[in-house]
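# Structure at a glance
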Amino acid sequence: MTFRGRTGRLTCSLLLCGAALLGTAQAGWPEARQALAARDYDTALFQLRPLAAAGDAEALFEMGYITEQVYEDLAGALILYRPAAERGFGAAQLLLGFHLLQDRAAPTSHAEGLTWLRRAAAQNANSKDTLFAQEVLPDLLLGAWPFEGRPDLARFQDAAEALKLLEGWATAGDTRAAERLTGLYRTGVTVGRQTIRPDPQRAAYWLAQLTRLPAASAADSGQAGAAFRLAEQHEQGQGVPRDLKEAARLYRLAAEGANRDGMAALARLLETGQGLNADLREAEQWLTRLAEQGDPRGFLNLGRLVEGRGDWAGAAQQYQQGLTRTSGQDALEVALAALLLTGQPGVPQDAPRAAELLRSATADLRGVNLLADLYERGAPGVPADLVQALVLRQGAAQAGDLTARLRLSERFLWADTALVGRLAPSPENTAKVQGWLRAAAGQTANRAAAGQAHYLLGRLFQEGAPGLLKDAAAASDHYRQAAATGDGRGDVAAQRLLALLAYQDRRYAQAVTLLEGLGSGGFSGELAENALLLASVYQADWPGRNLARAADLLRQAADQGSARAAWRRGAAFLSGVGVPKDVPAALTWLTRAAEQGYVPAYGQLGNLYKTEASLRNLDTARLWFGGAQQAGEAAGYEWLLSLNTEPQLQLLSLTDLKAGSYYGSYLLSLDRPDVAHAAQLLTLSLDWVETSRRSNRPLSADETRAAGLSAYQLGTLYEKGQGVTADLTRAAQLYEQAAGLGNTDGLVAWGAMLRDGTAGVPRDGARAMTLFRQAADAGDRDGKRLLGAAYWDGKITPQNLTLARYWLREAAIEGSGLAAQDLSVLLRDGLGGPRDAAQAQIWASEADILAGRLKRADAPVVALPDRPPPLSSAVLAVPGPAAQPGDLRARLEAQAVAGDQQAMTDLAQAYLRGTGGETDLVAAYAWARIANTDMWRDVVFIKSSLWLEIERQLSAEQQEQASVLELQLRLKLPAFYR
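All of these numbers come straight from a predicted model, not from anything done at the bench. (Residues numbered from 1 in each chain as written. Predicted model: local features only at pLDDT ≥ 70, side-chain atom pairs only at ≥ 80, totals over all residues. Heavy atoms only, no water.)

### Structural notes on the overall build of the protein chain
- Secondary structure summary: the protein chain contains 50 helices and 2 strands in total.
- Burial analysis of the protein chain (978 residues in total) assigns 50% to the buried set.
- A separation threshold of at least 6 residues defines the contact pool for the protein chain, and within that pool the share at least 24 residues apart is 52%.
- Summed over its atoms, the accessible surface of the protein chain is roughly 45,000 Å², and 52% of this surface lies on carbon and sulfur atoms. (Helix = DSSP H or I, 4+ residues; strand = E, 2+ residues; numbered from the N terminus. Buried < 20%, exposed > 50% of the residue type's maximum accessible area, 1.4 Å probe, protein only. Contact = heavy atoms within 4.5 Å. Areas by Shrake-Rupley, 256 points an atom, 1.4 Å probe, with all protein chains shown as cover.)

### A word on the nonpolar core
- Membership of the largest hydrophobic core comes to 124 residues, with the highest contact counts inside it found for Tyr 251 and Tyr 319.
- Top contributing element to this core by residue count: helix H19 (residues 330–342), with 9 residues.
- Other than its neighbours up to four places away in sequence, Tyr 319 contacts Phe 299, Leu 300, Gly 303, Arg 304, Glu 307, Leu 332, Ala 335, Leu 336 and Leu 339.
- Judged by nonpolar contacts, the second largest core, of 56 residues, contains Ala 790, Leu 823, Leu 826 and Ala 847. (Core = buried A, V, L, I, M, F, W, Y, C linked by side-chain atoms within 4.5 Å.)

### Things to note about the pattern of salt bridges
- Tallied over the full model, the rule gives 39 salt bridges.
- The salt bridge involving Glu 235 is made with Arg 268; its shortest N-O contact spans 2.8 Å. A residue pair is termed long-range when its members are at least 10 positions apart, and Glu 235 in helix H13 (residues 223–236) and Arg 268 in helix H15 (residues 260–272) qualify at 33 residues.
- Looking at Glu 235, the relative accessible area reads 13%, which means it is buried.
- With relative accessibility at 34%, the residue Arg 268 sits in the partly exposed group.
- Arg 407 is the salt-bridge partner of Asp 373, the closest N and O atoms lying 3.0 Å from each other. Of this pair, Asp 373 sits in helix H21 (residues 365–377) while Arg 407 sits in helix H23 (residues 402–412), placing them 34 residues apart in sequence.
- What makes Arg 407 partly exposed here is its relative accessible area of 23%. (Salt bridge = Lys/Arg side-chain N within 4 Å of Asp/Glu carboxyl O.)

### A few points about the packing of aromatic side chains
- A complete count under the given rule lists 13 aromatic pairs for this structure.
- Among the aromatic residues, those joined into a ring-pair cluster are Phe 61, Tyr 65, Tyr 81 and Phe 89.
- Its end group placed over the ring of Tyr 455, Arg 489 keeps NZ or CZ at 3.9 Å from the ring centre.
- Above the ring of Tyr 718, the side-chain terminus of Arg 730 is found at 6.0 Å from the ring centroid. (Phe/Tyr/Trp six-rings, centres within 6.5 Å; stacked < 30°, edge-to-face > 60°. Lys NZ or Arg CZ within 6 Å of the ring centre and 35° of its normal.)

### A look at helix H45 (residues 837–850)
- Compared with an ideal rise of 1.5 Å per residue, which puts 14 residues at 20 Å, H45 spans 20 Å between its outermost C-alpha atoms and is within 8% of the ideal.
- Listing the buried residues of H45 in full gives Ala 838, Gln 839, Ala 840, Ile 842, Trp 843, Ser 845, Glu 846, Ala 847 and Ile 849.
- Among the structural elements, helix H27 (489–504), helix H43 (801–813) and helix H44 (817–829) are those in contact with the buried residues of H45.
- Taken from the residues just after H45, Gly 852 is the one with a positive phi, measuring 80°. (Expected span 1.5 Å × (residues − 1).)

### Here we look at the confidence of the model for the protein chain
- Confidence in the prediction of the protein chain, expressed as mean pLDDT, is 81, and 85% of residues score 70 or more.
- For residues 934–944, every residue scores under 50 in pLDDT, and the model assigns this stretch 28 contacts once sequence neighbours within four places are set aside. (pLDDT = per-residue confidence, 0-100.)

### Some thoughts on the packing of helix H17 (residues 296–308) against helix H18 (residues 312–325)
- In contact at an axis separation of 7 Å, H17 and H18 are set at 175° when each is read in the N-to-C sense. What the angle tells us is that H17 and H18 run roughly antiparallel. Residues Phe 299, Leu 300, Leu 302, Gly 303, Arg 304, Val 306 and Glu 307 of H17 lie in contact with H18, whose contacting residues are Trp 312, Gly 314, Ala 315, Gln 318, Tyr 319, Gln 321, Gly 322 and Arg 325.
- Looking at the contact of H17 with H18 residue by residue, the class counts come to 7 nonpolar, 5 polar and 3 charged. (Axes fitted to C-alpha atoms, helices over the stretch in contact; angles between N-to-C directions. Parallel < 35°, antiparallel > 145°, perpendicular 65-115°, else oblique. Nonpolar A, V, L, I, M, F, W, Y, C, P; charged D, E, K, R; others polar.)

### Details of the packing of helix H25 (residues 447–463) against helix H26 (residues 472–484)
- At their nearest, the axes of H25 and H26 sit 7 Å apart, and the two run at 160° to each other. In terms of orientation, H25 lies roughly antiparallel with respect to H26. Here the hand of the crossing between H25 and H26 comes out left-handed. In contact with Arg 447, Gly 451, His 454, Tyr 455, Leu 457, Gly 458, Arg 459, Phe 461 and Gln 462 of H25, H26 contributes Ala 474, Ala 475, His 478, Tyr 479, Gln 481, Ala 482 and Ala 484.
- A class-by-class count of the residues in the contact of H25 with H26 yields 8 nonpolar, 6 polar and 2 charged. (Left-handed = near helix turned anticlockwise from the far one by under 90°.)

### Quick notes on the environment of Pro 584
- Looking at the secondary structure, you find Pro 584 in helix H32 (residues 583–595).
- Judged by its relative accessible area of 56%, Pro 584 falls in the exposed class.
- On a C-alpha basis, the gap between Pro 584 and Leu 574 in space is 9.0 Å, while along the polypeptide they are 10 residues apart.

### Here's the deal with helix H8 (residues 110–121)
- Look at H8: 17 Å from first C-alpha to last across 12 residues, which is about the 16 Å you get at 1.5 Å a residue.
- Within the span of H8, buried status applies to His 110, Gly 113, Leu 114, Trp 116, Leu 117, Ala 120 and Ala 121. What you see down the axis of H8 is that its buried residues fit within an arc of 165°, all on one side.
- Considering only its buried residues, H8 is in contact with helix H6 (74–86), helix H7 (90–102), helix H9 (128–142) and helix H10 (159–171). (Arc of directions from axis to C-beta.)

What follows is the structure, given as structure tokens:
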């Protein structure tokens, strides 16, 4: 027998026939309750009908509830709820109000719904219905679930009323209202245009009240839970004075109330002795109770406690028990894996098991980093996998993990390691790394991370990166800030930077003074860097050249763990420069460098095993050449192909894009190039590129490099008419293809054609500049030279002699004779900066040496000053009313341009405070940064607080303007400040 569709008739009979049934009203309740318990709803309705007709509110509600829940007739249910609600039945008022508010099709009923909800919440009875209404009504007023996302109910939202109601109920002893108040006051709330700000003091007040109220249900939602949250506020000093003793007392209260968070926190304080006497035995007791309740933190912290006693096996047992008996196990898996990776007494090293645990602990970022470490170095049973390590680090970095971001940033700066396993050099990745490091540098709560970030930012600005020009001043700033935060590498790196600049400018004596002055103390990595640079200085051609000293320095650096030093020492033993020629010693040092991932050593080792009679082993040579190729070394494939014992490859059977590219390049590199076969091979490799394109198969990174090389090499053959008929149009097409594939030679060649309009190519100066910059960012010497030349002549871009100097100097440092010649002219004539006759002569001689017009031994000796001009003690004076605006600034700028650091600081202050003229934050920032450069250790160091104060007031656009201005200003200063 069904009820659907009969509601109207039933309601009618209740209204018309109530008087006749009144006498039998109470008689049906026992039978009705029995039928409800048996889920016999038809019998229940039969028994409830006379009760409802007699006006029994509960009977009306029960009939309405059956109608709604069992027979799914909400309209009929509301007809029954209404008279029950009017008779004051709280449950009926609650459901009637709720359903009227939920009816989106009848917005006129919403106000009535709110009225019924208010009446339900105002019931004096401490029933579950009243309590539920007291939860739902604040939800409506706050726009929370189940009323969130309801713009039609926005007019009823009122956060202040919600707080007032909750305060009243909480004052009357409602623990749930008090708990909700603590949450709202801790986080604050915004409802429409109304915002209630976080109020830790009120949160603390209600938490204190909760500790005095009886628990509503479970301990965690009553006194114990409130005690824990209040203890947190006392420990952190939020809304109440920081009081570790009170925090410890409240944590104990929470723990004794079976609150798990309280147990864990109390054990932590007992371990550290904060707020109470340290007691490891009691801490262990609480952690044991926590573990017995199945909380993984109990096992985890018990394991760490046992670990601290040196009981590694006991710790592993705790971690394993936790994994067996609890859920939420990521931290336990990581802790056990860390033990298995290191291997301790009673816990044998087991890398495969550790890797299995770490792969399972994907939500624990520490575990992700440990797994990435494992893949980077490899271990027995777990082969190295740099690609997977990179994927893991990137995921952790994306999740905001500081460790992953710092490690990725570190590897981004390792220019001599394999491209595999590190972020590829690109403007986008440069910006990403710079953003990560700036965020980490602002970590006031983690000075170690901030110091490391400042140090890495210094390296980034010192070495430059795609999309980021080198900036010695910014590098020095960051090194000093690294030192100020406790990273001892900062001071050493700052002085080494000055030595590097001196070395690059051929001021070898000054470089030696700076580097020898660093002594032998400090971090091993810094010592190795110092020794490497000093060795380079002693190997240079100048009167102080000392090859024996250079060899000893390389040994010291290699012993400190420098792969580059080991490689250079191996090369020295191969050539006999500075040390006796010794092939076995060369093999030892080159192997050490290669095992540390230093890619340039791979090729030399392969050549040793290929050509050295006493070592000849083509299989080993093939392994090292293959390693070079897999690490992204373009010549690696060419070296592999050079091992081919056949006179030629059979062209028709060649089916490998890379083989065609690199073997064609190899044929061109021979003393007697085989240009005809090279052209065929290069053409064939590009045919494979086209085949891949048509089949929508993307090229791998290796294939992309090979294809770029093929396009460029084949373009040169068409341009010169070697092995093919000369065709400049085809050459242009190939150069454009090579540029599109990222080949730096192709970028330069295609850029030059666009600049000059060669072979009918339409001139496009802007595009040419973009290509030159891409090549320069990738480290291409010719790209840097052409970029500098373009900024000098101003034909395809607005003239910028400052940038011309910058890029020509970068190219000249890397051995471009043409760039050195142009740079000498700029320095001689004072173009793009002050005249510097001494440096002009040095670079003119360098150009002649590189062009073969002059022997280095015959180069003229140029006298250079060994220290900057002395500094005065100028003091910023506020001018009187008669002073002319700008007089003070003009005087200070003249002193600053002469090299007076105090005047630089005073000038920055003048621009910042508006002294002597208008406020100019851009100029203030530029001068403050320049003044912060500690060029020599006997000069008073100007702290960075000034430029940091200005930086906080600058927009990103203003900071960029200040950087350009700073570069222009530095070029006006003595060489020591550039």
